[in-house]
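Summary of the model geometry
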Amino acid sequence: MSTALAIALVTSACGGSGSPANDAPAEITVASFGEYPTVDASFAFAATRGQVQRQVMEPLLDRDGKDPSVLVPVLATSWTRVDPQTLRFQLRQNVKFQDGSDFNAEVAAFAINRLFAKENNFGIRQVMGPQITANVVDDHTVDVVTAGADPILEQRMTSALIQSKQQFDTGGQAAWEQKSIGTGPYVMDSWERGRQFILTKNNDWWAGADKLKIDKVIWLQRPDDESRLAAVQSGEAQLADRLAVDSCLQALDDRCISAPSNAFSFLRPDQTSSPVLKDARIREAIALAIDKDTIAKQLYANAPVSPTIIADYMVGYPHGLAPYPFDPAKAVELVNQAAADGVPTSTPIRIVAEPTRLRSIQNLTDIIRDALKVLPLNITVEIEDQQAFLKEFLGTPPEGRSLITLHEHANQVFDASGTYGSYARCGGPNSAFCDPAIDEDAKTAAAAGGSERDTAYQAVMTKLYDAYAWIPLFQTELRHGVGENLQWTPRADGFFYVKDMGLASM
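Residues numbered from 1 in each chain as written. Predicted model: local features only at pLDDT ≥ 70, side-chain atom pairs only at ≥ 80, totals over all residues. Heavy atoms only, no water.

1. Digging into the confidence of the model for the protein chain
The share of residues in the protein chain with pLDDT of 70 or more is 95%, and the mean pLDDT across the chain is 91. Confidence drops under pLDDT 50 across residues 1–21; counting only partners more than four residues distant or on other chains, this segment forms 60 contacts. (pLDDT = per-residue confidence, 0-100. Contact = heavy atoms within 4.5 Å.)

Right, dumping it as structure tokens:
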């Protein structure tokens, strides 16, 4: 069924939802996969952590829902290049935050600088190229300046949501983390951590509250597939995101809709810190010992298997490469060669996964554990809770650690720089890999534009492939379950906006 078709939303008295009747408020319930350690803007660049914030806060510019290469104005009315390092935004006037404070250049610059500040080291820095700084020009003009030329700064800025400065001035970072206050179409009324959000229509939205067809949203946090699917089947919820493909299709048929995806599941080995994983032969052996095609077929309904962790329509995708093959015999041979050369192959290696990021995580880790038993290595595989996983995943790997994280990555800038800067650059925010020579190539690629940029980043991504910097498993296929009366078209960037939804008459 085409995702462009109108998809309907079932009404349910027990879920508190209903189709529009007379002047009754329109209410929907969403059962969401998303994880929310906080609700400030620094986590809102990724679809798994930013769906709720995107209903409440807004960026200066955003991607078009149908074509992510097209940028559209939001809190900025226009933008121009002053020079290769400066992007000037003309800001929308007469806009207020949901706490009554004014939106202006001072507020925008404050929010942008806080998001990208090196000392804060927020996760959003992984979408950044050269260091970003925002400067006030006048009340309604702000310059966003980069430390070096950045041809895709406009695309990066779609990730930067603007949060209330008045809220920060009153309560600091803690206030930002506990409640989103923005200029957007919906207000965050409440958040029961780990359970649900209540969002209501912002009657003072600058773009016009009369455009909003949904008055209230109950946003349930349901990390496991079964409970989200059951919520749609029972009518408790009318939209459930990121469902397991097979069970979604079996239970919901044409109400299991496909959506564009740029997310990839992969293994990230500690190349910089580990005495054993720093040897490329060990990383290659692990890649060859895992049957990616079987995983994709058995667990993820024949999801695509890729040679890298960016989509083939993105700048820098290395066309011509094939996924790492399944060759356990060669994998064993590589480990034995490394051991003969003095690599400490008895060193304990931990593979850790976070249950809220990947579907069918227990089955996936079981298959990986069984596959790696063939190798003469000391490997354990475990699932950690979110906080424990993030503590190990984020930041610089400590010397001597031999860790491999099982993770999912979605490139939100649709350019190889967004993946390289985060997961492969020496000292990158999520990087456990370092090769100074590749870093130099990446610097050259980052300063280029057009076809030259694409060619340069293809070369960088090919070198990372040859170095086994990461081990791609499969490209995530997105499936959402819906009711019977929702009018909605999934966006190409993975986000979904309630402002774009409506209810058809039953």
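2. Thoughts on the nonpolar core
The tendency in soluble globular proteins is for nonpolar side chains to be buried side by side. In terms of nonpolar packing, the biggest core is built from 67 residues, with Leu60, Phe89 and Trp219 touching the most fellow members. Top contributing element to this core by residue count: helix α2 (residues 105–116), with eight residues. Sequence-distant contacts of Trp219, defined by excluding residues within four places in its chain, comprise Val30, Ser32, Tyr36, Gln51, Val52, Gln55, Arg195, Gln196, Phe197, Leu199, Phe496 and Val498. Of all hydrophobic cores here, the second largest spans 40 residues; its members include Ile351, Leu375, Ile404 and Ile471. (Core = buried A, V, L, I, M, F, W, Y, C linked by side-chain atoms within 4.5 Å. Buried < 20%, exposed > 50% of the residue type's maximum accessible area, 1.4 Å probe, protein only. Helix = DSSP H or I, 4+ residues; strand = E, 2+ residues; numbered from the N terminus.)

3. Thoughts on the state of the cysteines
Inspection of every chain in the model, using the stated rule, returns two disulfides. Disulfide partner of Cys426: Cys434, at an S-S distance of 2.0 Å. What sets the handedness of the Cys426 and Cys434 disulfide is the S-S torsion sign, and at about 90 degrees it is right-handed. In this structure Cys434 comes out as partly exposed when scored by relative accessible area, which is 30%. By sequence-ordered numbering of the bonded cysteines, the protein chain has its disulfides arranged as 1-2, 3-4. (Disulfide = S-S within 2.5 Å.)

4. Some words on the sheet that holds strand β11 (residues 196–201)
As summarised here, the arrangement of the seven strands in space is β10-β11-β12-β1-β13-β20-β14, forming an open sheet in which the pairing is mixed. The open sheet has two free edges, formed respectively by β10 (186–192) and β14 (256–259), since each of these has just one partner strand. As judged from the six bridges shared by β10 and β11, these two strands associate in the antiparallel manner. Bridged to Tyr186 within β11 is Lys201. Relative to strand β20 (residues 478–482), helix α6 (residues 245–252) is tilted by about 30 degrees, and along the sheet it contacts β14 and β20. (Pairing = 2+ DSSP bridges. Axes fitted to C-alpha atoms, helices over the stretch in contact; angles between N-to-C directions.)

5. Brief notes about the sheet that holds strand β7 (residues 132–138)
The strand order β5-β6-β8-β7 describes an open sheet built from four strands, whose pairing is antiparallel. The strands lining the two open edges of the sheet, one partner per strand, are β5 (76–83) and β7. On average, each strand axis in the sheet is tilted by 25 degrees relative to the strand beside it, whichever way the strands run. The pairing of strand β6 (residues 86–91) with strand β8 (residues 141–146) spans five bridges and is classified as antiparallel. Each residue of the ladder has a partner; that of Gln90, found in β8, is Thr141. Sitting on the sheet, α2 is in contact with β6, β7 and β8, with an inclination near 170 degrees to β7.

6. As for the packing of helix α12 (residues 416–423) against helix α14 (residues 450–467)
At a minimum axis distance of 10 Å, the contact between α12 and α14 shows a crossing angle of 40 degrees. Where α12 crosses over α14, the two elements pack in a sense that is left-handed. Residues Ala416, Ser417 and Tyr420 of α12 touch α14, and the partners they reach there are Arg453, Tyr457, Val460, Met461 and Leu464. Classifying every residue of the contact of α12 with α14 gives six nonpolar, one polar and one charged. (Left-handed = near helix turned anticlockwise from the far one by under 90°. Nonpolar A, V, L, I, M, F, W, Y, C, P; charged D, E, K, R; others polar.)

7. Digging into the packing of aromatic side chains
Evaluated as defined, the whole model comprises 17 aromatic pairs. For the ring pair Phe110 and Trp176, a centre distance of 6.0 Å and an interplane angle of 75 degrees mean the geometry is edge-to-face. In this pair, Phe110 is assigned in helix α2 and Trp176 in helix α4 (residues 165–178), connecting sequence segments 66 residues apart. By relative accessible area, which is 23% here, Phe110 ends up partly exposed. Using a relative accessible area of 3% as the deciding quantity, one classes Trp176 as buried. Ring geometry for Tyr324 versus Tyr468: centroids 4.5 Å apart, planes at 25 degrees, classification stacked. Placement of Tyr324 in the loop between α8 (292–299) and α9 (328–340) and of Tyr468 in the loop between α14 and β19 (471–475) is noted, with a sequence separation of 144 residues between them. When its relative accessible area of 6% is taken as the criterion, Tyr324 is described as buried. Every member of this aromatic cluster is reached through a ring pair, and the members are Phe266, Phe389, Phe393 and Tyr423. Geometry around Phe110 places Lys165 over its ring, the cationic atom sitting 5.2 Å from the centre. The ring of Phe33 has Arg242 lying over it, and the distance from NZ or CZ to the ring centre is 4.6 Å. (Phe/Tyr/Trp six-rings, centres within 6.5 Å; stacked < 30°, edge-to-face > 60°. Lys NZ or Arg CZ within 6 Å of the ring centre and 35° of its normal.)

8. Description of the pattern of salt bridges
Tallied over the full model, the rule gives 28 salt bridges. For Asp215, the salt bridge goes to Lys201, with nearest N and O atoms at 3.0 Å. One end of the pair, Asp215, is in the loop between β11 and β12 (216–221); the other, Lys201, is in strand β11, and 14 residues separate them in sequence. Residue classification places Asp215 among the partly exposed residues on the basis of a relative accessible area of 22%. Lys201 sits in the partly exposed class, given a relative accessible area of 21%. (Salt bridge = Lys/Arg side-chain N within 4 Å of Asp/Glu carboxyl O.)

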